[in-house]
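The chain contents come next:
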Amino acid sequence: MSGDHTVRLPERDAPWRMRTYAGHSTASASNELYRRNLQKGQTGLSVAFDLPTQTGYDSDDELARGEVGKVGVPICHRGDMAALMHGIPLDEMNTSMTINATAAWLLALYIVVAEEQGVAQQQLQGTTQNDIIKEFLARGTYAFPPAASMRLIADMIAYTVEHVPKWNPINICSYHLQEAGATPVQEIAYSMSNAIAVLDAVRERLARLPGGAEERMDQVFGRISFFVNAGVRFIEEHAKLRAMATLWEQLGRERYGVQDPRNLRFRYGVQVNSLGLTEAQPENNVQRIVLEALAVTLGRDARARAIQLPAWNEALGLPRPWDQQWSLRIQQVLAYETDVLEYPDIFEGSVVMDGLVAELLEGARAEMAVVAEHGGAVEAVPYMKAALVDSHRERIRRIESGEQVVVGQNRFTETSDSPLTADAQGGILVVDPAAEAEQIESLRRWRAQRDQAAVDAALAALSEAAAAKSEPENLMLPTIAAARAGATTGEWARTLRDVFGSYRAPTGVGEAVAAAADGELTQLREEVARLKERLGRRPKILVGKPGLDGHSNGAEQIAVRARDSGMDVVYEGIRLTPAQIAASAAQEGVHVIGLSILSGSHRKLVPAVIDALREAGVTAPVVVGGIIPEQDVPLLRQAGVAAVYTPKDFDITRIMRDIVELVSAERPPVSSANGSSANGSA
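Reference entry: report on the structure contained in this document.

The rules behind these values
- Residues numbered from 1 in each chain as written.
- Predicted model: local features only at pLDDT ≥ 70, side-chain atom pairs only at ≥ 80, totals over all residues.
- Heavy atoms only, no water.
- Helix = DSSP H or I, 4+ residues; strand = E, 2+ residues; numbered from the N terminus.
- Rg over C-alpha atoms; globule rule 2.2 N^0.38 Å.
- Contact = heavy atoms within 4.5 Å.
- Areas by Shrake-Rupley, 256 points an atom, 1.4 Å probe, with all protein chains shown as cover.
- Lys, Arg positive; Asp, Glu negative; His and termini not counted.
- Charge placed at Lys NZ, Arg CZ, Asp CG, Glu CD.
- Axes fitted to C-alpha atoms, helices over the stretch in contact; angles between N-to-C directions.
- Parallel < 35°, antiparallel > 145°, perpendicular 65-115°, else oblique.
- Left-handed = near helix turned anticlockwise from the far one by under 90°.
- Buried < 20%, exposed > 50% of the residue type's maximum accessible area, 1.4 Å probe, protein only.
- Nonpolar A, V, L, I, M, F, W, Y, C, P; charged D, E, K, R; others polar.
- Core = buried A, V, L, I, M, F, W, Y, C linked by side-chain atoms within 4.5 Å.
- Pairing = 2+ DSSP bridges.
- 1 Å grid on protein atoms, 1.4 Å probe; cavity = no way out; pocket = protein on both sides within 12 Å on 5 of 7 lines; lining within 4 Å.
- Points joined across faces, edges and corners; volume = space filled by probe spheres on them.
- Expected span 1.5 Å × (residues − 1).
- Phe/Tyr/Trp six-rings, centres within 6.5 Å; stacked < 30°, edge-to-face > 60°.
- Patch = residues over 30% accessible without salt bridge, like charges linked within 9 Å, V, L, I, M, F, W, Y side chains within 5 Å.
- Salt bridge = Lys/Arg side-chain N within 4 Å of Asp/Glu carboxyl O.

1. Brief notes about the overall build of the protein chain
From N to C terminus, the protein chain includes 24 helices and 15 strands. By the compact-globule yardstick of 26 Å for 682 residues, the protein chain fits well, its C-alpha radius of gyration being 25 Å. Overall size of the protein chain, expressed as C-alpha extent along the three principal axes, is 80 × 75 × 55 Å. For the protein chain, long-range pairs separated by at least 24 residues make up 80% of all intrachain contacts whose partners lie at least 6 apart in sequence. Of the accessible surface of the protein chain, which amounts to about 26200 Å², a share of 51% is contributed by carbon and sulfur atoms. Here the protein chain contributes 68 positively and 87 negatively charged side chains, and the mean placements of these two sets differ by 1 Å.

Written out as structure tokens, the structure is:
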């Protein structure tokens, strides 16, 4: 074989686009971070927006309290976007924006800022995630009801195909589906079903244009990309990607009549799995990230076009620039030091890989048929949400039982102290609390200095276009006009909420199948039964998510386990103010309140909830769960929190037993039972 060169490519493949997902504090601070990362060899931007920006609120909104600049950068107007992109040539840069409900608005700001740089929108390259169905299922950063959200997506795709032809207007995002517990089959099936819903909506939108939709669908299909997840079972994950490529090509040919092979290619970017990163022995996350990167690089026929890797410490908090550099260097070593880019597809003809792909295709097609029977992805949101909750519960059960080994967490737990987390901040970046006040003051200056009449006129035009019933205008046009006039993120979203209304997605908790009783759960049920006898009624827990954090997977699992243990559960979903949580606790007469916060806003929101509970006369103990650094635990205890749980506390049954003991200690026994309360299960 030494003289046979057919096993090697005639020329080494070019590397994929390398990104780090970044943004925090303020636009100017994030701009500095971006420019440093580009100097280190990053080849594209990946913008993380803070939760107020993602959900359509200005930084000074009540719901934004404690959330500004925490999980991303706050962008309230074109001035913020200009500061974010200062010194970055937008005619050369490929920018990915992880934004969904407000994607049309953020793209409009980007277009206007590019104009200010002298860059025409036809030159812009990049991607907006813009997958709202996934938000209803897994991430929670939605802003408008489903029908209105789909209209915005369809309008944006139709606009970009004509006016911003190098832009990918949507990433069909399976990433968060896996983070919410999706199996490979579910990740394939639900993301493809989401894509069908989007493409059908776009085809209907294009049908109203001169010439109809058919001649444009080739081009539309070719601009659709995916954003996928890759877990540590990297052989199976690679098979998943090959299966998705097969389904995507079939979908294009058979449903949408796409003929051009270039437009039929399955194009995807990836962030490897964050769900599997552990707080316990976090240094193990480095090898997990490397192995997961192999899933999307080893096979040439299913290789990612862009990759962003999480940092080793994301289960602890916000990564520092050095941590992100480490992840970038992993990509660079893989691309430039190894030989992965030198060969044709190494899995071609593999019996194992072909068998795995066939198995996944069979399962995915069957699950897609179930979604279709429910009326398609939009109508099937409650079904898919409940299925994800069930899958996530099964994953947790396997970890709790030891059936699924997580090194350092449920096996091989003996460890030395890590020097990586030995500094005063615990090995993470702590956002300066003054950044929120700085952003709010900057926003107020912007409002005071702009042409208010121009803003009012632009928002009125947006409202009129949104309310139109016949031959509605493409909403990108008045959205860009509002961005140019100086409107804010909150004003744009509020204008559309006034027309479209609000929405609260299903939680999946009430629909989740009851768990089969094993030894641990049976024992827990017995303890709950004894507590019920002691209290005179079933113990009741309120599970609350204050602020804008939409990562509800943990809260849902706590609510389901509490329900399965025999408790009454009050769970109203995401995006609640402290006052709303307190009012619900008082009205429901709960025995304990569990707060879930993963956005880093616990330092402000938890004391605010406790203050609201006291004002409402609620004395029930409060427990908190989330990504909470060790150094913040004393602060929460001082505020009145009874117990704090972090990702290292993976045994939910053990947590529920702690809560039972806490309520039992807090509540004296009653002399006689008053009967069970009405079941408040969500």
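2. So, the packing of helix H16 (residues 452-467) against helix H17 (residues 476-485)
Running from N to C, H16 and H17 cross one another at 165°; their axes reach a closest spacing of 9 Å. The pairing of H16 with H17 is recorded here as roughly antiparallel in orientation. Considering only the axes of H16 and H17, their crossing is left-handed. Taken together, the residues of H17 that come into contact with H16 (itself represented by Ala 454, Val 455, Ala 458, Leu 459, Ala 461, Leu 462 and Ala 465) are Pro 478, Thr 479, Ala 481, Ala 482 and Ala 485.

3. Some details on the environment of Tyr 503
Within the secondary structure, Tyr 503 is located in the loop between helix H18 (489-500) and helix H19 (519-535). Owing to a relative accessible area of 28%, Tyr 503 belongs among the partly exposed residues under this scheme. For Tyr 503 and Pro 145, which are 358 residues apart along the polypeptide, the C-alpha to C-alpha distance reads 5.0 Å. Other than its neighbours up to four places away in sequence, Tyr 503 contacts Phe 136, Tyr 142, Phe 144, Pro 145 and Pro 146.

4. Re the packing of H16 against H18
Helix-helix packing is described using two parameters, namely the angle between the two axes and the distance between the axes. Two numbers describe how H16 lies on H18: the axes approach to 9 Å, and their chain directions differ by 35°. Pair H16 / H18 crosses with right-handed handedness. Taking contact as the criterion, the partners of Val 455, Leu 459, Leu 462, Ser 463, Ala 466 and Ala 467 in H16 are, on H18, Glu 491, Trp 492, Thr 495, Leu 496, Val 499 and Phe 500. Of the residues contributing to the contact of H16 with H18, the split by class is nine nonpolar, two polar and one charged.

5. Points about the nonpolar core
Met 81, Phe 226 and Trp 248 are the most contacted members of the largest nonpolar core, which totals 176 residues. Ranked by the residues each element gives to this core, the list is headed by helix H4 (residues 103-117), at twelve residues. Ignoring anything within four residues of it in the chain, the contact list for Trp 248 reads Met 192, Ala 195, Leu 199, Phe 221, Ile 224, Phe 226, Leu 264, Arg 265 and Phe 266. The next biggest cluster of nonpolar side chains, apart from the first, holds 26 residues, and it includes Leu 576, Ile 597, Val 606 and Val 618.

6. Topic: the sheet that holds strand E4 (residues 94-98)
Pairing within the open sheet is parallel, and its five strands lie in the order E2-E3-E4-E5-E6. Both edges of this open sheet fall to strand E2 (21-22) and strand E6 (167-168), since each of them pairs with a single strand only. Where strand E5 (residues 125-128) lies against E6, two bridges are found, and the strand directions are parallel. Considered in E6, the bridge of Gly 126 is made with Trp 167.

7. Describing unusual backbone geometry
One non-glycine residue with positive phi stands out, namely Asn 130, at about 60°. Summarising the element assignment, Asn 130 is placed in the loop between E5 and helix H5 (132-139). Positive phi outside glycine occurs at Arg 575, with the angle close to 65°. Mapped onto the elements of the fold, Arg 575 is located in the loop between strand E12 (568-571) and helix H21 (578-588). Assessed through its relative accessible area of 10%, Arg 575 is described here as buried.

8. Describing empty space enclosed by the protein
As enumerated under the stated definition, the model contains four cavities of 30 Å³ or more in all. The calculated volume of the largest cavity comes to roughly 120 Å³. Contributing to the lining of the largest cavity are 17 residues, with Lys 385, Pro 506, Ser 552, Glu 556 and Ile 574 lying nearest its centre. Per-element accounting of the lining of the largest cavity gives the leading share, five residues, to H5. Of the residues assigned to the lining of the largest cavity, the class counts are eight nonpolar, five polar and four charged. Empty space within the second largest cavity amounts to approximately 60 Å³. Forming the walls of the second largest cavity are Asn 100, Ala 101, Ala 103, Ala 104, Asn 130, Ile 132, Phe 144, Ser 149, Leu 152 and Ile 153. The set of elements that each furnish at least two residues to the lining of the second largest cavity consists of H4 and helix H6 (146-163).

9. Side note on the sheet that holds strand E1 (residues 17-19)
With respect to topology, five strands assemble into an open sheet ordered E1-E10-E9-E8-E7, the strand pairing being parallel. Both outer strands of the open sheet, E1 and strand E7 (170-173), are each paired with one neighbouring strand and no more. Direction aside, the axes of adjacent strands within the sheet are offset by 25° on average. Relative to strand E10 (residues 306-308), strand E9 (residues 268-272) runs parallel, the two being bridged by three bridges. Among the inter-strand pairings, Gly 269 is bridged to a residue of E10, identified as Ala 306.

10. Observations regarding helix H22 (residues 602-615)
With 14 residues, H22 ought to run about 20 Å at 1.5 Å a step, and its terminal C-alpha atoms sit 19 Å apart, in line with that. Residues of H22 that are buried: His 602, Leu 605, Val 606, Ala 608, Val 609, Ile 610, Ala 612 and Leu 613. Remark: Gly 617 follows H22 within two positions and exhibits a positive phi of approximately 80°.

11. Considering the packing of aromatic side chains
Counted under the stated rule, the structure contains 15 aromatic pairs. For the ring pair Phe 136 and Tyr 503, a centre distance of 5.1 Å and an interplane angle of 65° mean the geometry is edge-to-face. On the criterion of sequence distance, the pair formed by Phe 136 in helix H5 and Tyr 503 in the loop between H18 and H19 is long-range, its members being 367 residues apart. Phe 136 gets classed as buried once you look at its relative accessible area, which sits at 4%.

12. Thoughts on a nonpolar patch on the surface
Together, Val 405, Val 407 and Phe 412 make up a nonpolar patch on the protein surface, roughly 260 Å² of accessible area in all. Inspection of the secondary structure puts Phe 412 in the loop between helix H14 (381-401) and helix H15 (434-449).

13. A look at the layout of surface pockets
Computed from the structure, the second largest pocket encloses a volume of approximately 680 Å³. Contributing to the lining of the second largest pocket are 29 residues, with Met 150, Ile 196, Ala 197, Asp 200 and Ala 201 lying nearest its centre. Mapped by element, the contributors of at least two residues to the lining of the second largest pocket are H6, helix H8 (184-206), helix H10 (234-256) and helix H13 (351-373). For the lining of the second largest pocket, the leading source of residues is H8, giving seven residues. When grouped by side-chain class, the residues that make up the lining of the second largest pocket number 15 nonpolar, four polar and ten charged.

14. Here's the deal with the pattern of salt bridges
What the rule picks out here adds up to 41 salt bridges. Glu 135 is paired through a salt bridge with Lys 134; the nearest N and O atoms lie 2.2 Å apart. Like Lys 134, Glu 135 is buried. A salt bridge links Lys 545 to Asp 549; the nearest nitrogen and oxygen atoms lie 2.8 Å apart. With relative accessibility at 0%, the residue Lys 545 sits in the buried group. The class of Asp 549 is buried, set by a relative accessible area of 1%. One continuous salt-bridge network, built from bridges that share partners, spans Asp 390, Arg 393, Arg 563 and Asp 564.

The values are spatial; any link to function lies outside them.
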